[in-house]
Each structure stands twice: as C-alpha cells, then as structure tokens.
Amino acid sequence: MLLKTKSLLFLSLYIFAEQDFRDMEHEQSADEMFEKFTWKIENFSRLNTDEVYSEPFVLCGYPWRISLFPKGNLVGNSLSIFLEVIETANMSEGWNRYVNFKLAVFNQLNTDMTICRGSVIRKFNASHKFRGYSSFIPLDELHDPVKGFIVNDTCIVGVKICVCKSSQEKRISQTASLIFECKNVENLSPVSIEPTEQDDEELVSDALGKVLYFLKTKKVKDMNEEACKKLHGLWDVIEKFKFDVTWLEHSFQSAMGMKSLVEKATQVEKLKDSMLALELETERIKTKLAAAEINLDVEKDLLKAKGFNDIDLDSKLQCESWRA
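Residues numbered from 1 in each chain as written. Predicted model: local features only at pLDDT ≥ 70, side-chain atom pairs only at ≥ 80, totals over all residues. Heavy atoms only, no water.

Chemist: Sorry, what's going on with the overall build of the protein here?
Modeler: Counting secondary structure elements, the protein contains seven helices and 12 strands. Going through the 324 residues of the protein one by one, you find that 39% of them count as buried. Long-range pairs, those at least 24 residues apart, make up 72% of the contacts in the protein between residues at least 6 apart in sequence. Within the structure as shown, the protein displays about 20,100 Å² of accessible surface, and the carbon and sulfur contribution to it stands at 53%. (Helix = DSSP H or I, 4+ residues; strand = E, 2+ residues; numbered from the N terminus. Buried < 20%, exposed > 50% of the residue type's maximum accessible area, 1.4 Å probe, protein only. Contact = heavy atoms within 4.5 Å. Areas by Shrake-Rupley, 256 points an atom, 1.4 Å probe, with all protein chains shown as cover.)

Here's what the structure looks like:
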C-alpha cells in the first residue's frame, strides 16, 4: 500500500520526455556539469522482489541510488525507475536540491534505440526524495529478446545528473567521485592517518572514493584477510574524522562479513577434494581387487588341470586312531 501511495505521488509529478543521453550535453550551460552512473543488473529474470536498488554512488558531490521496480509499480505492465537521494548528516533541516537528470535503459543490440527519459529541473527535498518514472518502458517490450534491452538475462540502466543548486547541505568532495570513476585504481592500501599535506576533507574524500571503488569492483571470492585489512583501514580513516557514512555502513559490514563465508566455502571445497580423492582411491582398490580375483581363478584352473582338487580349509583334519 505504501508503494502504491508513493507511486501515485510520483505519477502526478513527472513529465515524460523520450530523448538520448547525448542530448543532455547540448542542454547544459557553462556552469553545469553532468556526471553519469551505469548499473548492470544480471539475472534479471530471477528477480523475485518488487523493488531492487543499485549500490550507492556519488555524482556531482552527492550520494544517490537508483530504485527499480522490475514488475512495475503503479503501472503494472511497465518498468518503473526512480532516482533516489540518500540522506546523510550533511543535510540540515529544510535542505533542497535542484537537479537536472536523465534515466536510461540501454539497448545492447543497437545503441540508437536506447530509451532515455529526461526531466526539466526537479526539486529534491525531505518530502520528495524520489524522482523518476512509473511507466518507463512496457514490460513486453523490455523482455522481447529481439528488442535488445535484455541480453544474456542482463539489463543495463543508467543515469546522468547535474545538480544546478543546493542548500542546507554539504557536498562530498569531487575527489571521491573522480576516484570512484577511475578505471585503473590498483593501490587500495589503507590511507595513512598521520598528518600529511592534504587537509582533512581531501583525506576523507580519498578514503571514501577508494571504499566506493572497492565495493564496486571486488567480488565475494576476493574477500580474504588482506582485502579485509585494506577495507577496514580505509573505513577507519573515514570514522576518525567523524564523516557521515551511515548510508554506506550496511554495504561495508556486508563486505567485511564475506571473509567468513569465503573461508567456509574454501573448507567446503577442500572437503569436496578429499571426498573426490577417497572416491578415486576406492575405485583404484576395487580395480586391484577385481584383478586379484581374476588371477585367483586362473590359478585354480591351473591346479585343477594338474589333478589338484579344492579343499575346504575350514574342515577338520581326518585321521584313523592308532591301534595298540
């Protein structure tokens, strides 16, 4: 009921306009700068929940996430997509943010057929943290394999954002966004918390950017002892300066909890290997036993040919009593 109520509110506020991401570049003024985020949703047909969320991401100095209704929200036969503000302690009472954004579902067979829906500048605040479209693309069109929106059971969603004006809140330094978007971050070692030439904001932003990149790129199997130490070191830097990351804490805790799962999975694999080794040894012994039985039969046949008969080795010895 809550989702339907929220969707009714959304439907009354959104203006639908189908354009391509590239059009937005021509719309921006000299003072505007658009940044983008792409969300790759795998195993799309197996989504058994009404609503799914992207990982948190930072664009234009603010944290966001994408909310998607794979089975539709208010309009049951259409995909629903919304851009959501993630609230942090940096927001004072009465905060607001004026944003020009565009959402897209990418066509993986023909990029010219990518569906984009853009808005005029919209206002986000405590009462309107969601903006988007209840009816983005018909579900039958989305799932049509010929259309190209879902390929190998993967759907790709994107957003471009430009924050035109904001009040009663502080941006996250752009350093975080730049590191997050970087394709070649190899050094994820903990950031030193000793005094450096960087000021506190840059130091925290650097650590936050690396945490975001870490969570974006690492897989469960990568969460060994060394990886956990790196992530924990980065997190310690952020907490040292009391930077608000409550919006990211769940992802951090989940990642740290993966280590025990990886260890258990490793133990299971070792047990599987041991079982396989035992099964192979059992087969080897069975083979040797079969060969021995064949050799025994051959020897028996040879002895019979020489006039020897079978003797019951368990039978009692028979002998005549000695007479006096």
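Chemist: Just to check I follow, could you spell out empty space enclosed by the protein for this structure?
Modeler: In this approach a probe as big as a water molecule rolls over the atoms, and the regions it shows empty are the leftover space. By the definition in use, this model includes one cavity of 30 Å³ or more. Estimated volume of the largest cavity: approximately 30 Å³. Mapped by element, the contributors of at least two residues to the lining of the largest cavity are β5 (62-69) and β7 (91-105). Looking at side-chain class alone, the lining of the largest cavity contains five nonpolar, three polar and four charged residues. (1 Å grid on protein atoms, 1.4 Å probe; cavity = no way out; pocket = protein on both sides within 12 Å on 5 of 7 lines; lining within 4 Å. Points joined across faces, edges and corners; volume = space filled by probe spheres on them. Nonpolar A, V, L, I, M, F, W, Y, C, P; charged D, E, K, R; others polar.)

Chemist: In this structure, what is going on with the pairing of β5? I would like to understand it.
Modeler: A regular strand places its side chains on the two faces of the sheet in alternate fashion. Of all the eight residues making up β5, seven are buried; the element is thus mostly covered by neighbouring parts of the structure. Sheet topology note: the strand β3 (residues 52-53)/β5 ladder contains two bridges and is antiparallel. When the sheet's bridge partners are listed, V52 is paired in β5 with L68. Across three bridges, strand β4 (residues 57-59) lies against β5 in antiparallel orientation. Across the sheet, the residue bridging to L59 is Y62, located in β5. Here β4 folds back onto β5 in antiparallel fashion, the turn holding two residues, of which C60 has a positive phi close to 55°. (Pairing = 2+ DSSP bridges.)

Chemist: Quick question: what am I supposed to make of the pattern of salt bridges here?
Modeler: Opposite charge on two side chains permits pairing when their charged atoms draw close. What the rule picks out here adds up to six salt bridges. E87 is the partner of K129 in a salt bridge, and the nearest nitrogen-oxygen pair spans 3.0 Å. Of the two residues, K129 is situated in the loop between β9 (122-125) and β10 (130-138) and E87 in the loop between β6 (78-85) and β7; the sequence distance between them amounts to 42 residues. Using a relative accessible area of 26% as the deciding quantity, one classes K129 as partly exposed. Looking at E87, the relative accessible area reads 37%, which means it is partly exposed. Taking the shortest distance from any N to any O, the salt bridge between E169 and R97 comes out at 2.7 Å. Here E169 is found in strand β12 (residues 154-169), whereas its partner R97 is found in strand β7, with 72 residues between them in sequence. Both residues of the pair, E169 and R97, belong to the buried class. (Salt bridge = Lys/Arg side-chain N within 4 Å of Asp/Glu carboxyl O.)

Chemist: Hey, could you run me through helix α6 (residues 225-240) in this one?
Modeler: Each full turn of the α-helix corresponds to 3.6 residues, which orients residues three or four apart in the same direction. Here α6 contains 16 residues, and its C-alpha end-to-end distance of 22 Å stays within 8% of the 22 Å for a straight helix at 1.5 Å per residue. Among the residues making up α6, those that are buried are A227, C228, L231, G233, L234, W235, V237 and I238. (Expected span 1.5 Å × (residues − 1).)

Chemist: Explain the side chain of N96 to me, please; I cannot follow it from the model alone.
Modeler: Take N96: it is sitting in strand β7. In this structure the side chain of N96 is engaged in a polar contact, spanning 2.9 Å, whose partner is the side chain of S167. Those residues in contact with N96, other than ones at most four positions away along the chain, are K123, F124, N125, K165, S166, S167 and E169. (Polar contact = N/O pair within 3.5 Å; in protein donor to acceptor, adjacent residues only side chain to side chain.)

Chemist: I'm lost on unusual backbone geometry in this one. Help?
Modeler: It is generally the case that most residues other than glycine have a negative phi and that most peptide bonds are trans. For N152, which is not glycine, the phi torsion reads 55° and is therefore positive. Looking at where N152 falls in the secondary structure, it is placed in the loop between β11 (150-151) and β12. With a phi close to 60°, D153 is a non-glycine residue in the positive phi region. Structurally, D153 is set in the loop between β11 and β12.

Chemist: Just to check I follow, could you spell out the confidence of the model for the protein for this structure?
Modeler: Low pLDDT means the predicted atomic positions in that stretch should not be read closely. With 74% of its residues at a pLDDT of 70 or more, the protein has an overall mean of 75. Helix α1 (residues 2-13) is the least confidently modelled element of the protein, averaging 37 in pLDDT, while β11 averages 96, the highest of any element. In the model, residues 1-31 has pLDDT below 50 throughout and makes 66 contacts with residues more than four positions away in sequence or in other chains. For residues 174-199, every residue scores under 50 in pLDDT, and the model assigns this stretch 55 contacts once sequence neighbours within four places are set aside. (pLDDT = per-residue confidence, 0-100.)

Chemist: When you look at the nonpolar core in this model, what are you seeing that I'm missing?
Modeler: What tends to happen in soluble globular proteins is that the nonpolar side chains get buried as a cluster. By size, the foremost hydrophobic cluster in this structure holds 37 residues, and its most contacted members are W64, L142 and I161. Elements supplying a minimum of two residues to this core: β2 (35-41), β4, β5, β6, β7, β10, α3 (139-143) and β12. The dominant element in this core, judged by the number of residues it contributes, is β7, at six residues. Not counting residues within four places of it along the chain, the set of residues in contact with L142 comprises F44, L79, V105, I137, F149, I150 and C155. Listed in part, the 20 residues of the second largest apolar core include A207, A227, L234 and F252. (Core = buried A, V, L, I, M, F, W, Y, C linked by side-chain atoms within 4.5 Å.)

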